[in-house]
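Per-entry structural report
Residue strings, one per chain:
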Amino acid sequence: MHILIIGAGGREHALAWKIAQSPQAERVFVAPGNGGTLAEPGVENVDLEPTDAEALIRFAREQQIDLCIIGPETPLVAGVSDALVAAGLRCCGPTRQAARLEGSKDFAKAFMRRHGIPTAAYRTFDDREQALAYLDRIGAPVVVKADGLAAGKGVVVAETLAEARAAVEAMLGQGQFGAAGARVVIEDKLLGEEVSFIVLVSGEQVLPLATSQDHKARDEGDRGPNTGGMGAYSPAPIVTPELQQRIMREVIEPTVAGLRAEGLPYLGFLYAGLMIGADGTPRVLEYNCRLGDPETQPILMRLESDLLELCLAASEGRLTEVEARWRDQAALGVVMAAAGYPGAYAKGQPISGLETAGDSDSKAGTGGAGTDMSTDLSTGGSKTKVFHAGTRYDGERTLTDGGRVLCVTALGADVGEAAANAYARAERIRFDGAFYRRDIGHRALKRGTSR
């Protein structure tokens, strides 16, 4: 089969890596891909924009693509899935209307209110003065969110009234996020522990994936500005079998049923970012209409099943006929970011240390893109994998090309061992301005039950 993966980040590298392992996958294309997918065996980069539906359709027809998988949110919200399906192509990704769950925080909150899905109380504003007056009335702490897509940076957890007012001023007064921030959602700050709960959906059918936990804050100790994610691990020990059943019953099933009732049948990955309260109650912080990044990297490191078969089953309405099998090991990913992220950052810094003894040769050869090719994880091979996010290959070297540059991911008997393996690998990688959190997995480690 010929597969087209749309996107350029770490999630798409992980998808391409895993899909290429399927015996059904003859050729795997990534549009546009990055320096890591360029060097991945069985994977080819295609210089196409993820939102250029017409070019993607032409390419898919020329290459007789059997399945398209859309990785990031922007093309989903732009309706690329709709265009591909209308052109007669099979696509694993929700429609533009269904993707409003991620594309509009206000739509998502109103949807949850309509369908009785637990979430924080909120108000939505497009007027700066009204928003500031509301803040003065309720005080802090609160969470201020840009309504539209802001690459994971449009959320401010404000502990003080001054911080909350500054966030509103930046979004509604100064246009920090452009149209995405022309409307803001102000909601109560929820307390507890965050969990990423991702499922694969096909109409009424739902297949839960392994649980995971992301680290959104830039700095250690969960401090600093919000980012797209500085690291993640799987499984999340807080999600017991009993809690998973409750999440399915109180969040996922009402969400899927609500979408169907509103004429928005869902196909693809659905992500519920949850806050688990001290009493065990799950409340929705946000929806994503795709796999999370960086959660995808550790989740797919643990997946034993054929990912392509799972996606095909979803696209064919036979999700109940397949199962997702998981390694008993834990997996943890550490994001290596460029100096300045999530603000302004430089690009074009050479990356060293990607090739190490024991890794399989990349197809780019010695001195090539150096994607750190791990051997078969199921047969005692390398326990680490360096997934590329913001990188490019200039013909001689791999260079930085984004804020989140790499996600160094590793397996281990538990979260502690997976973390040790990931950090040992990250320490051998260098580029100017590189930084990363050194406490990924700290909640699981504090619990003392880290698998």
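Residues numbered from 1 in each chain as written. Predicted model: local features only at pLDDT ≥ 70, side-chain atom pairs only at ≥ 80, totals over all residues. Heavy atoms only, no water.

Observations regarding the overall build of the chain
Counting its regular elements, the chain contains 14 helices and 22 strands. The C-alpha atoms of the chain give a radius of gyration of 21 Å, which matches the 22 Å a tight globule of 451 residues would have. Summarising the internal contacts of the chain: among those between residues at least 6 apart in sequence, 68% fall at separations of at least 24. Accessible surface computed for the chain: about 17,100 Å², of which carbon and sulfur atoms make up 46%. (Helix = DSSP H or I, 4+ residues; strand = E, 2+ residues; numbered from the N terminus. Rg over C-alpha atoms; globule rule 2.2 N^0.38 Å. Contact = heavy atoms within 4.5 Å. Areas by Shrake-Rupley, 256 points an atom, 1.4 Å probe, with all protein chains shown as cover.)

Details of helix 1 (residues 10-19)
Counting buried positions along helix 1 yields 10 of 10 residues, so the element is predominantly enclosed. Here helix 1 has its buried residues at Gly10, Arg11, Glu12, His13, Ala14, Leu15, Ala16, Trp17, Lys18 and Ile19. (Buried < 20%, exposed > 50% of the residue type's maximum accessible area, 1.4 Å probe, protein only.)

Some details on the pairing of strand 18 (residues 330-337)
When you tally the buried positions in strand 18, you get 8 out of 8 residues, the bulk of the element. Here strand 18 shows two buried faces, one formed by Ala330, Leu332, Val334 and Met336 and the other by Ala331, Gly333, Val335 and Ala337. Where strand 15 (residues 231-234) meets strand 18, 4 bridges bridge the pair, whose relative direction is antiparallel. Looking at the pairing, Ala232 lines up with Gly333 of strand 18. (Pairing = 2+ DSSP bridges.)

Things to note about the side chain of Ser22
Along the chain, Ser22 turns up in the loop between helix 1 and strand 2 (27-32). Overall, Ser22 belongs to the buried group, its relative accessible area being 5%. When near neighbours in sequence (up to four residues on either side) are disregarded, Ser22 contacts Asp306 and Leu308.

Describing the sheet that holds strand 9 (residues 184-188)
Reading across from one edge, 6-9-7-8 is the order of the 4 strands in this open sheet, with antiparallel pairing throughout. Looking along the sheet, the strands with just one partner apiece sit at the ends: strand 6 (122-125) and strand 8 (155-158). Sheet twist, expressed as the average angle between the axes of neighbouring strands with direction ignored, equals 20 degrees. As defined by bridge partners, strand 7 (residues 142-146) adjoins strand 9 across 5 bridges and the pair is classed as antiparallel. Considered in strand 9, the bridge of Ala146 is made with Val184. Its contacts with the sheet put helix 8 (residues 128-138) on strand 6, strand 7 and strand 9, and the angle it makes with strand 6 is roughly 155 degrees. Contacting strand 6, strand 7, strand 8 and strand 9, helix 9 (residues 161-173) crosses the sheet at an angle of about 10 degrees to strand 7. (Axes fitted to C-alpha atoms, helices over the stretch in contact; angles between N-to-C directions.)

Some remarks on the nonpolar core
Nonpolar side chains in soluble globular proteins tend to end up buried together. If you look at the biggest cluster of nonpolar residues, it comprises 52 residues, and the most contacted ones within it are Leu4, Leu84, Leu101, Ile247, Ile252 and Tyr287. The element contributing the most residues to this core is helix 10 (residues 241-261), with 7 residues. Ranked by size, the runner-up nonpolar core spans 40 residues in total, among them Ile3, Ala14, Leu15 and Leu207. (Core = buried A, V, L, I, M, F, W, Y, C linked by side-chain atoms within 4.5 Å.)

Points about the sheet that holds strand 15
Reading across the sheet, the 5 strands line up as 12-15-18-22-19 and stay open at both edges, with antiparallel pairing between neighbours. The two strands at the open ends of the sheet, each matched to only one other strand, are strand 12 (213-214) and strand 19 (384-388). With 2 bridges joining them, strand 12 and strand 15 adopt antiparallel strand pairing. Opposite Gln213, over in strand 15, you have Tyr233 as the bridge partner. Lying over the sheet, helix 13 (residues 415-426) contacts strand 15, strand 18, strand 19 and strand 22 (404-412), oriented at roughly 135 degrees with respect to strand 22.

Some thoughts on helix 7 (residues 105-114)
Where burial is concerned, most of helix 7 is hidden: 7 out of the 10 residues are buried. Directly after helix 7, the chain includes Gly116, whose backbone phi takes a positive value near 65 degrees.

Notes on the packing of helix 8 against helix 9
The contact between helix 8 and helix 9 brings their axes to 10 Å, and the two run at 170 degrees. As summarised for this structure, helix 8 and helix 9 are arranged roughly antiparallel, according to the angle between their axes. Along its contact with helix 8, which presents Arg128, Ala131, Leu132, Leu135 and Asp136, the element helix 9 presents Leu161, Ala164, Arg165, Val168, Glu169, Leu172 and Gly173. Of the residues belonging to the contact of helix 8 with helix 9, the class tally is 7 nonpolar, 1 polar and 4 charged. (Parallel < 35°, antiparallel > 145°, perpendicular 65-115°, else oblique. Nonpolar A, V, L, I, M, F, W, Y, C, P; charged D, E, K, R; others polar.)

A closer look at the environment of Ala78
Assignment of secondary structure puts Ala78 in the loop between helix 4 (73-77) and helix 5 (80-86). Separated by 102 residues in sequence, Ala78 and Ala180 place their C-alpha atoms 13 Å apart.

Concerning the pattern of salt bridges
Pairs can form between side chains of opposite charge whenever their charged atoms are close. The full count for this structure, using the stated rule, is 27 salt bridges. Close ionic contact of Glu193 with Arg447 constitutes a salt bridge, the shortest N to O distance being 2.9 Å. Placement of the pair is Glu193 in strand 10 (residues 193-202) and Arg447 in helix 14 (residues 442-447), with a sequence separation of 254 residues. The partner of Asp439 in a salt bridge is Arg437, with the nearest N and O atoms 2.8 Å apart. Taken individually, Asp439 and Arg437 each receive the classification buried, so the pair is uniform in this respect. What emerges from the salt-bridge pattern is a single network uniting Arg90, Glu309, Glu316 and Arg318. (Salt bridge = Lys/Arg side-chain N within 4 Å of Asp/Glu carboxyl O.)

A short note on the environment of Gly178
Within the fold, Gly178 resides in the loop between helix 9 and strand 9. Here the alpha-carbon distance between Gly178 and Cys289, two residues 111 residues apart in the chain, equals 22 Å.

A few points about the confidence of the model for the chain
Looking at the chain, the pLDDT average stands at 93 and 93% of residues meet or exceed 70. Scored below 50 in pLDDT, residues 357-381 shows 68 contacts in the model against residues more than four places distant or in partner chains. (pLDDT = per-residue confidence, 0-100.)

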